[in-house]
Each structure stands twice: as C-alpha cells, then as structure tokens.
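Below are the chains, spelled out letter by letter.
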Amino acid sequence: MARTTGIDFHPAKHIDFKPPSKIYSMSDILLKKSPISDFAVSEPFQLFTPEAIACMREEIFKPEVMNNFQYSSNLAQCQLRGYAAKAAPFLYDTWKHPETLAIISKIAGIDLVPEMDFEIAHINLSSNPGAQKGEDLAAIRDRQLFEEDEGIAGCPWEDDKPIVDWHTDAYPFGRYIEHQALRAFGSTERITSVTSFRPKQASFPDDTVLTTVRPISDLSELYLQFSEYRLQMLEERIRQQLHLLRDTERGHRKFDTVAMKGFLSEQEVFLCHMNKQLVPDQFVKKGEIDDSHLFSDFSSSSKKRRLAEA
Ligand SMILES: [Fe+2]
C-alpha cells in the first residue's frame, strides 16, 4: 500500500458519494419511530475514494493507535476507540467535515453531528480464530503485511462467532435496532469503522445511554465529553428560552406559565437522564457489558435467560 501518512482530508479528492438505492424507515422494518426520526437504515453506499480508505487504514494500523487504544469486552474481542482526535487526523477531519456531515444528514433526513470526539471512527476488527484476546490486532497487521508482500489474498479467518454480538447502540442513530456485526464470508478480514451521530439542534431530544460504551472507554474522557455536549445543549436551550421571555416582556404579553413549566419539566428529565448515565467510576467494570440494554427478544443471551427462567 502506498504511504499515505500526512495527507490532509480534502472533500473534492476524498469524497466519492454514490447515493444509496433505498432508504428504509422504521415503519418499513416494522419498528416504532424513534423520538427524533423515522430513519432506520439505508442500503450500502459508497462515500469515499480508495485513496481516502487507504489513509484511514494506515491511520488505524499505526503502532501508536494499536498499542494505546485497544479495548475488548464480552460483546466484541477487538476494538479501537477514542484514538481519532489524538492520533488519526485524517479520520478525525473526515468525520468532522461539513461536506461529509451534509451527506450523512441528508440520508438521515435530519442535521447530524458526531456524537462526541471519543466515538469518531470506532473500529471493530475480525480476529483469527486461533488468536488469543489481545493478539487480534497483531494478527491482522501481520496478515496485512504478508498479503501486501505476497500480493495475494489468504485463507478466510471466519469462525462461527460474530465480531460484535447482539446489541443495541448507545446513541440516537442506531439505538433502537438490535443487531450484530457478522464476519465477512470468504474474505480475509472485516474491519468496520463506526461513527455515531446525534442531532445537531439542541432543542431535539437526546436519549443517549452509555450502558454499552462505559466498559470499553476511557471513562474520564467519555464522561467529560458527554457532560460537555449535554451542558452545551442545556445552555443553548436556556438561551432560547430567555429570548422567548424577553420577547414576551418587550411585547407586553402575559407570562405563559404552562409553557415555562413544560420547559422546566423537560430540563428536569434531561438532567435526571444525564445524571443516571454517569455511573460512579468504581461500579464500572472494564470489558463487562450486561444485557440490560437489550429490549427485544432476538438475542441469544435473552433467549438463554428466558429458557433458564422458564
Ligand atoms: Fe452497533
């Protein structure tokens, strides 16, 4: 692969968007609409050029990233998280760029921004079935180097376990659909890069839950970034409410008690939800995600539990 380190993201050079053939709503897949959108999922589509993908690959395989940002849990053996802002400028700029966000927002039908910096370009890696936990990245890197040298595709790596087991996501987009990340059949590897989004507008509800990400994060960074954007939302909401109040005063209109009480109740719920997400550090166990976030009957763990309870 060509050396790409140091290349800056330029949309004209790195975006090659081919719109999805179909976008599915929540009702299309027989699920309830989420509080913010009826968008469910789209058919796969191309967004970046091969050169952009090469730059991204190069960044995630840097020793600095592989050695310092690796996480594993009972749901997934090998993930890279929280590295983009610190060690992957190309990936970071890609997902922060207004042109990228405009495309994603158009497909989702709502203006979106990345959930928080920590969640930019989360990586799931498929593993060699023979490898122990923690050896996955080295195995993939060695395999990649070998194949580059040889110019061949090697044997499939898949075993019968998914890369990420049944789960719902933490963030407003994807959060209401239980899913797995499956292995790629007949290929040597599967690397998925996931960037989570939330609505840009502060007045929209934000139902982010941190259940599935606390155990696979630098807790201090996760809590800091979560608190920061939520308080910014609150700041913006209060500013908008103050504008309304001042307009009421200037227009000599009557104070709207019902509206103000509604606003206050909404913010009480917002703050209560936020406080609940900040589970004290000593109760968060690294790598251990329970299945309390699952609410459908699809998962094998739910099935096992029901059988055990029956
Ligand atoms: Fe997911």
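Preceding this paragraph is the structure being described.
Note on numbering: residues in each chain are counted from 1, in written sequence order. Residue-level local features of this predicted model are given only where pLDDT is at least 70; pairs of side-chain atoms are given and counted only at 80 or more, and the full residue set underlies all totals for whole chains, interfaces and linings. Hydrogens and water are ignored here; the side-chain numbers use all heavy atoms of the structure.

> What am I meant to see in the overall build of the chain here?
Summing up its helical and strand segments, the chain has 10 helices and 12 strands in all. The classification of residues rests on relative accessible area computed with a 1.4 Å probe and restricted to protein chains. Under 20% of the type maximum is buried, over 50% is exposed, and intermediate values are partly exposed. In the chain, which comprises 310 residues, the share counted as buried stands at 44%. A sequence separation of at least 24 residues applies to 73% of the contacts in the chain between residues at least 6 apart. Carbon and sulfur atoms make up 56% of the accessible area of the chain, which amounts to about 17,200 Å² in all. For the purposes of this entry, the term helix denotes a DSSP run of H or I that reaches at least four residues, the term strand denotes a run of E that reaches at least two, and both are numbered from the N terminus. The contact definition used throughout considers only heavy atoms, calling two residues in contact when any of these lie within 4.5 Å. In short, Shrake-Rupley with a 1.4 Å probe defines the accessible areas, and a residue's cover is counted only from the protein chains shown.

> Hey, could you run me through the packing of helix 2 (residues 50-60) against helix 5 (residues 89-96) in this one?
A pair of packed helices can be characterised by two numbers: the angle between their axes and the separation between those axes. The axes are straight lines fitted to the C-alpha atoms, using for helices just the contacting stretch, and the angles between their N-to-C directions are given from 0 to 180°. Following both chains from N to C, one finds helix 2 and helix 5 inclined at 130 degrees, their axes separated by 8 Å at the closest point. Viewed along their axes, helix 2 and helix 5 adopt a mutual orientation that is oblique. On the side of helix 2, the interface is formed by Ala-52, Cys-55, Met-56, Glu-59 and Ile-60, while helix 5 contributes Pro-89, Phe-90, Leu-91 and Thr-94. Residues are grouped as follows: Ala, Val, Leu, Ile, Met, Phe, Trp, Tyr, Cys and Pro are nonpolar; Asp, Glu, Lys and Arg are charged; all remaining types, including Gly, are polar. Class assignment for the residues of the contact of helix 2 with helix 5 results in seven nonpolar, one polar and one charged. By definition in this entry, angles of less than 35 degrees are roughly parallel, angles greater than 145 are roughly antiparallel, angles of 65 to 115 are roughly perpendicular, and the rest are oblique.

> Would you take a moment to explain the pattern of salt bridges for this structure?
Should their charged atoms come close, side chains of opposite charge can pair. Whenever Lys or Arg places a side-chain nitrogen within 4 Å of a carboxyl oxygen from Asp or Glu, that contact is recorded as a salt bridge. The full count for this structure, using the stated rule, is eight salt bridges. Measuring nitrogen to oxygen at the nearest pair gives 3.8 Å for the salt bridge that ties Glu-235 to Arg-239. Within this pair, Glu-235 and its partner Arg-239 are both found in helix 8 (residues 219-250), separated by four residues, close to a single helical turn. By relative accessible area, which is 42% here, Arg-239 ends up partly exposed. One salt bridge connects Arg-239 with Glu-236, and the closest N-O pair in it is separated by 3.2 Å. Note that Arg-239 and Glu-236 are positioned in helix 8 at a spacing of three residues, about one turn of the helix. Look at Glu-236 and you get partly exposed, because its relative accessible area is 29%.

> Where do I start with a nonpolar patch on the surface in this structure?
Each patch groups residues whose relative accessible area exceeds 30% and which form no salt bridge, using 9 Å between like charges and 5 Å between nonpolar side chains of Val, Leu, Ile, Met, Phe, Trp and Tyr. Taken together, Ile-238, Leu-242, Leu-245 and Phe-255 make up a surface patch of nonpolar side chains, about 320 Å² in accessible area. Of note, Phe-255 is situated in the loop between helix 8 and helix 9 (257-277). You can call Phe-255 partly exposed: its relative accessible area is 44%.

> Is there a simple way to think about the sheet that holds strand 6 (residues 79-80) in this case?
Sheet strands pair via backbone hydrogen bonds, and the direction of the pair is either parallel or antiparallel. Strand order in the open sheet made by the four strands is 5-6-8-11, with antiparallel pairing throughout. Looking along the sheet, the strands with just one partner apiece sit at the ends: strand 5 (70-71) and strand 11 (191-194). Note that strand 5 and strand 6 share two bridges and pair antiparallel. Along strand 6, the bridge assignment pairs Tyr-71 with Gln-79. Two strands pair under a simple rule: DSSP has to find at least two bridges between them.

> Honestly, helix 9 in this entry has me stumped. Any pointers?
For the α-helix, the turn length of 3.6 residues means that residues three or four positions removed from each other point alike. Taking 1.5 Å of rise per residue, 21 residues should cover 30 Å, and helix 9 covers 30 Å from first to last C-alpha, within 8% of that figure. Met-260, Phe-263, Gln-267, Phe-270, Met-274 and Gln-277 are the residues of helix 9 that are buried. The arc that holds every buried residue of helix 9, seen down its axis, measures 110 degrees, which confines them to one face. Turned more than 90 degrees away from the buried face of helix 9 sit Val-258, Lys-261, Glu-268, Val-269, Asn-275 and Lys-276, all of them exposed. In this structure, the buried residues of helix 9 make contact with helix 8. Here the expected span of a helix is defined as 1.5 Å times the quantity of residues minus one. Arc, as used here, means the arc of the directions from the helix axis to the C-beta atoms.

> Could you clarify how one ought to interpret the packing of aromatic side chains in this entry?
The geometry of an aromatic ring pair is captured by two quantities: the separation of the ring centres and the angle between the planes. Ring pairs are drawn from Phe, Tyr and Trp, using the six-membered ring of Trp, whenever the two centres fall within 6.5 Å, and their geometry is named by plane angle: stacked under 30 degrees, edge-to-face over 60, tilted for the rest. Inspection of the entire model under this criterion finds six aromatic pairs. Between Phe-69 and Tyr-83, the ring centres sit 6.4 Å apart and the planes meet at 65 degrees, which makes this aromatic pair edge-to-face. With Phe-69 in the loop between helix 3 (63-68) and strand 5 and Tyr-83 in the loop between strand 6 and helix 4 (84-87), the pair connects residues that are 14 residues apart, well separated along the chain. Comparing Phe-69 with Tyr-83, the two get one shared label, buried.

> Looking at this model, I keep getting lost on the side chain of Arg-81. Mind explaining?
Assignment of secondary structure puts Arg-81 in the loop between strand 6 and helix 4. Identification of polar contacts relies on pairs of N or O atoms within 3.5 Å, with a donor-acceptor requirement for protein atoms, meaning one able to donate a hydrogen and the other able to accept it, and with residues adjacent in sequence counted only if both atoms are side-chain atoms. Separated by 2.9 Å, the side chains of Arg-81 and His-122 make a polar contact. Here Arg-81 is in contact with Phe-69, Tyr-71, Phe-118, Glu-119, His-122, Val-213, Ile-216 and Ser-217, once residues within four sequence places are set aside.

None of the figures reported here should be taken as evidence of function without further support.
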